[in-house]
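Below are the chains, spelled out letter by letter.
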Amino acid sequence: MEAGYVTRTMSRDEVALAIDWAAREGWNPGLHDAETFPAADPQGFFVATLDGEPVASISVVKYGPGFAFLGLYIVRPECRGRGLGRRVWQHGMASAHGRQVGLDGVVAQQPNYRKSGFELAWRNVRHEGHGGTQAPEDARLVDLAGIPFDVVCAYDKSYFPAARTAFLRAWFTQPDAAARGWIEDGRLQGYGVVRRCRSGWKIGPLFAERERIAECLFLALCSQAGADEPVYLDLPEANAAAVALAQRHHMRIVFETARMYTGRPPAVNMHGLYGVTTFELG
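Residues numbered from 1 in each chain as written. Predicted model: local features only at pLDDT ≥ 70, side-chain atom pairs only at ≥ 80, totals over all residues. Heavy atoms only, no water.

## Looking at the pairing of strand β6 (residues 118–130)
Step number 1: Inspection of the sheet shows β6 paired to strand β12 (residues 252–262) by 10 bridges, in the antiparallel sense. Paired with W122 across the two strands is R259, which belongs to β12.
Step number 2: Judged from the 7 bridges that link them, β6 and strand β11 (residues 230–236) form a sheet pairing that is antiparallel. Opposite E128, over in β11, you have Y232 as the bridge partner. (Pairing = 2+ DSSP bridges. Helix = DSSP H or I, 4+ residues; strand = E, 2+ residues; numbered from the N terminus.)

Written as structure tokens, this is what we have:
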């Protein structure tokens, strides 16, 4: 390893730098990701420096004692091919302390991730559509802020492998975003969030117990964007109803990732998972 190479936990400013790197890679982060992401695990973001200059990043966010998610694995383009990313990868993975780890990686890197113990679970596919939709007029469609926070967190556990209370609190209240829920028969049966990104808007997560609920939430979230603004939905290809939703709204595929885990995929409600939260945090 080159002299002067150091790996350590990121500062908040360095998290913002990693988000800027992600934008240059074409990942289209949210406008406030640098503020909301660290809420998940303030100690889960790592930087590699060479002679004091940041050259690589990774996040391994810990959600409780059993699960972590890896993202923001980036080496500055002019620094690639020198082995500088490997050590920050090892540093991040070591921080997981025996937890199962998930990631969304570019498909071409699957063989390299397999060498590190990851196995393909399914593909997540980014679809691009547009805003300007009309939100359904239905009393069951409500602002998520009007639902007790603990109720939403309990519902979220059906679709995510671990509790993520601190992250959700920041995610639901971030600026330039909207969160909607579906209340029927006295209980929450779906919810979704849309946030403004460097380009357009991204929906994530989008969870729903029935296809009709997903459709209504989707339309309500898309209505936050103008008709000339793109809207993105990162959906699991394994959910045929999510794929059908994107097709009904003439969304086009623009990107895909390989969702991979160390060990067996965790048990989540795939039938109701219409949109993942983010490729970076799971």
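Now that the structure has been shown, we can carry on.
## What about the domain arrangement of the chain?
Step number 1: Looking at the assigned domains, one finds that the chain contains domain 1 (5–103) and domain 2 (126–275).
Step number 2: Summing both partners gives a buried area of about 2000 Å² for domain 1 against domain 2, and 57% of it is carried by carbon and sulfur.
Step number 3: At the surface where domain 1 touches domain 2, the tally comes to 2 salt bridges.
Step number 4: Here R198 makes a salt bridge to D20, at a shortest N to O gap of 2.8 Å.
Step number 5: For the interface between domain 1 and domain 2, the tally reads 14 residue pairs in polar contact (both at pLDDT 80 or more).
Step number 6: At the level of elements, α1 (12–24), α2 (33–36), β4 (67–75) and β5 (100–105) are the ones that each hand at least two residues to the side of domain 1 that touches domain 2.
Step number 7: At 4 residues, β5 tops the list of elements feeding residues into the side of domain 1 that touches domain 2.
Step number 8: Each residue belonging to the side of domain 1 that touches domain 2 can be placed in one class, and the counts come to 13 nonpolar, 6 polar and 3 charged. (Domains from an automatic or database assignment. Buried area = accessible area lost by both parts, 1.4 Å probe. Salt bridge = Lys/Arg side-chain N within 4 Å of Asp/Glu carboxyl O. Polar contact = N/O pair within 3.5 Å; in protein donor to acceptor, adjacent residues only side chain to side chain. Nonpolar A, V, L, I, M, F, W, Y, C, P; charged D, E, K, R; others polar.)

## Structural notes on the pattern of salt bridges
Step number 1: As enumerated under the stated definition, the model contains 22 salt bridges in all.
Step number 2: Across the pair R259 and D104 runs a salt bridge whose closest N-O atoms are separated by 2.9 Å. Taken as a pair, R259 in strand β12 and D104 in strand β5 lie far apart in primary sequence, 155 residues in all.
Step number 3: Residue classification places R259 among the buried positions, given a relative accessible area of 5%.
Step number 4: With a closest N to O distance of 2.6 Å, D234 and R126 form a salt bridge. Taken together, the residues D234 in strand β11 and R126 in strand β6 connect sequence positions 108 residues apart. For the residue pair D234 and R126, the accessibility class agrees, reading buried in each case.
Step number 5: Three or more residues are tied together by salt bridges with common partners; here these are D138, R140, E184 and R210. (Buried < 20%, exposed > 50% of the residue type's maximum accessible area, 1.4 Å probe, protein only.)

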